[in-house]
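Observations on chain architecture
For reference, the chains in residue letters:
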Amino acid sequence: MTTTVRVPEERSARVPAEQRGPGRDRDSVRLLVSCGTEVSHHAFVELPRRLRAGDLLIVNTSPTLAAAVDGRIGHARVVVHFSTRGDDGRWAVELRDPDGRGTTRARAGGPAGTEVRLAGDVRLVLEEPLTPYGSRLWWGRVSDPDVLGLLRRHGRPIRYSYTQRDQPLSVYQTVFALPSADGSGSAEMPSAARPFTARLVAELVSRGVQFAPITLHTGVASAEAHEPPYPERYEVPEASARLINAARAGGGRILAVGTTAVRAVESAVDAGGVVRARKGWTDLVVTPERGVRVVDGLLTGLHEPEASHLLMLEAIAGRAAVERSYGEALSGLYLWHEFGDVHLILPEEDPHTERCSSNCR
């Protein structure tokens, strides 16, 4: 849904919900619910009443890394965003310029051979662009193979200019985040799950909603660049594949929490529509032409009008529904970005042939 509509700067969520006033928690955000072109407005804490027993939520367990590290090219200061670790030990990285306000601005990548000096006398050498279509992200080789240790010692969470101040890494971890065996994680938070609290998860479970964990380590998706996602590492465990298939067979709705969850599970479905245990790299881009084979609905943040993620929303809900819901979000003064409000897309008709208006109210 590329459009000339712009999201006003004041609609950016500058701090997490729990920092906007006393008595607030992560779940103190708003929830836009859409079923087809029917739209209604709620608080996120009402989510359990929008779902029902037998529904299944696919959640991403990837933890967020402290992926931003200061460096120098000659005498010039730069910030390196470590995005994705390749199978050959190299890292996909994005170089950024400090903007003097504690955040960064876009910088042209390359050229090949560029050396960046990092803390502890570590060197990063750029080797080649990640893709032939752009030069923002480059494959680079680091002199110390323990890059995850470097991030733990010297890194901080990636922060963009619409946010007000630096935040501790804990602010960027979701309630579903689990340490991975090798220390890997996401360069940017799988933010659709951020509003969930342990209390809310317990309420959902008590109402018969199930959870299927998957992992997709998301890379850097720079705020200035609305590019299609590039290959990312994912895993759909056997137990989760069985849960999803059983829920579908029982008439439950399969709802992904975040576009990363959609990308992972839709990469693990076979030609017959059965989800299989799989892991590896996925380069899947979900578009209206490709469609979705597993997911019935989606809980997601609000995306910029040019963002490639909106093609995924159109694949799930249809263009008219996405345009209607985003019009409502703009007129309703919803907040955008990782600390902002969220959007629940439900199927227009549920498996019991009820009209979706019964779930939107």
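Let's talk about empty space enclosed by the protein
Applying the stated criterion across every chain yields a total of two cavities of 30 Å³ or more. There is about 120 Å³ of room inside the largest cavity. If you go around the largest cavity, the residues you meet are Leu65, Ser83, Thr84, Arg85, Trp91, Ser184, Gly185, His217, Arg233 and Trp281. Looking at the lining of the largest cavity, the element that brings in the most residues is strand β5 (residues 76-85), giving three residues. Considered class by class, the residues forming the lining of the largest cavity number three nonpolar, five polar and two charged. A volume near 40 Å³ is recorded for the second largest cavity.

Remarks on the pairing of strand β3 (residues 56-60)
Where burial is concerned, most of β3 is hidden: five out of the five residues are buried. Alternating positions in β3 separate into two faces, Leu56, Ile58 and Asn60 on one and Leu57 and Val59 on the other, with burial throughout. Taken together, the five bridges between β3 and strand β11 (residues 210-217) define a ladder with parallel strand orientation. Residue pairing for β11: Ile58 is matched across the bridge by Ala212. Alignment of β3 against strand β13 (residues 254-257), held across three bridges, turns out to be parallel. Directly across from Leu57, in β13, lies its bridge partner Leu255.

Some words on the confidence of the model for the protein
Confidence in the prediction of the protein, expressed as mean pLDDT, is 91, and 92% of residues score 70 or more. Note on residues 350-355: pLDDT under 50 across the span, and 12 contacts to partners over four residues away in sequence or across chains.

A few points about the nonpolar core
Counting residues in each nonpolar core, the largest one holds 39 residues, and the members touching the most others are Ile58, Val236, Ile244, Val262 and Val275. Going through the elements one at a time, β3, β11, β12 (232-236), α4 (238-249), β13, α5 (259-266), α6 (309-317) and α7 (319-331) are the ones with two or more residues in this core. By residue number, the principal contributor to this core is α6, which donates five residues. What Ile58 contacts, discounting residues up to four positions off in sequence, is Ala212, Ile214, Ile244, Ile254, Leu255, Ala256, Val257, Ala261 and Val265. Among the nonpolar cores identified, the runner-up in size contains 32 residues, and Val69, Val116, Leu130 and Leu150 belong to it.

Observations regarding the pattern of salt bridges
For the structure on display, the rule yields 27 salt bridges. Here Glu115 makes a salt bridge to Arg123, at a shortest N to O gap of 3.3 Å. Classification of Arg123 by relative accessible area gives partly exposed; the value is 25%. The closest approach of N and O atoms between Asp121 and Arg123, which form a salt bridge, is 2.7 Å.

Some words on the packing of α6 against α7
Closest axis-to-axis distance for the α6/α7 pair is 7 Å, and the angle between their directions is 120°. Across the interface between the two elements, Leu310, Leu313, Glu314 and Ala317 from α6 touch Arg319, Ala321, Val322 and Tyr326 from α7. Of the residues in the contact of α6 with α7, the class split is six nonpolar, no polar and two charged.

A few points about the sheet that holds strand β14 (residues 278-282)
What holds strands together in a sheet is hydrogen bonding between their backbones, with the strands either parallel or antiparallel. Across the sheet, which stays open at both edges, the nine strands sit in the order β2-β1-β16-β15-β13-β3-β11-β12-β14 with mixed pairing between neighbours. The two strands at the open ends of the sheet, each matched to only one other strand, are β2 (38-43) and β14. Here the average twist between neighbouring strands, direction ignored, is 20°. Here five bridges tie strand β1 (residues 30-35) to strand β16 (residues 342-346), and the two strands are oriented parallel to one another.

Thresholds applied
- Residues numbered from 1 in each chain as written.
- Predicted model: local features only at pLDDT ≥ 70, side-chain atom pairs only at ≥ 80, totals over all residues.
- Heavy atoms only, no water.
- 1 Å grid on protein atoms, 1.4 Å probe; cavity = no way out; pocket = protein on both sides within 12 Å on 5 of 7 lines; lining within 4 Å.
- Points joined across faces, edges and corners; volume = space filled by probe spheres on them.
- Helix = DSSP H or I, 4+ residues; strand = E, 2+ residues; numbered from the N terminus.
- Nonpolar A, V, L, I, M, F, W, Y, C, P; charged D, E, K, R; others polar.
- Buried < 20%, exposed > 50% of the residue type's maximum accessible area, 1.4 Å probe, protein only.
- Pairing = 2+ DSSP bridges.
- pLDDT = per-residue confidence, 0-100.
- Contact = heavy atoms within 4.5 Å.
- Core = buried A, V, L, I, M, F, W, Y, C linked by side-chain atoms within 4.5 Å.
- Salt bridge = Lys/Arg side-chain N within 4 Å of Asp/Glu carboxyl O.
- Axes fitted to C-alpha atoms, helices over the stretch in contact; angles between N-to-C directions.

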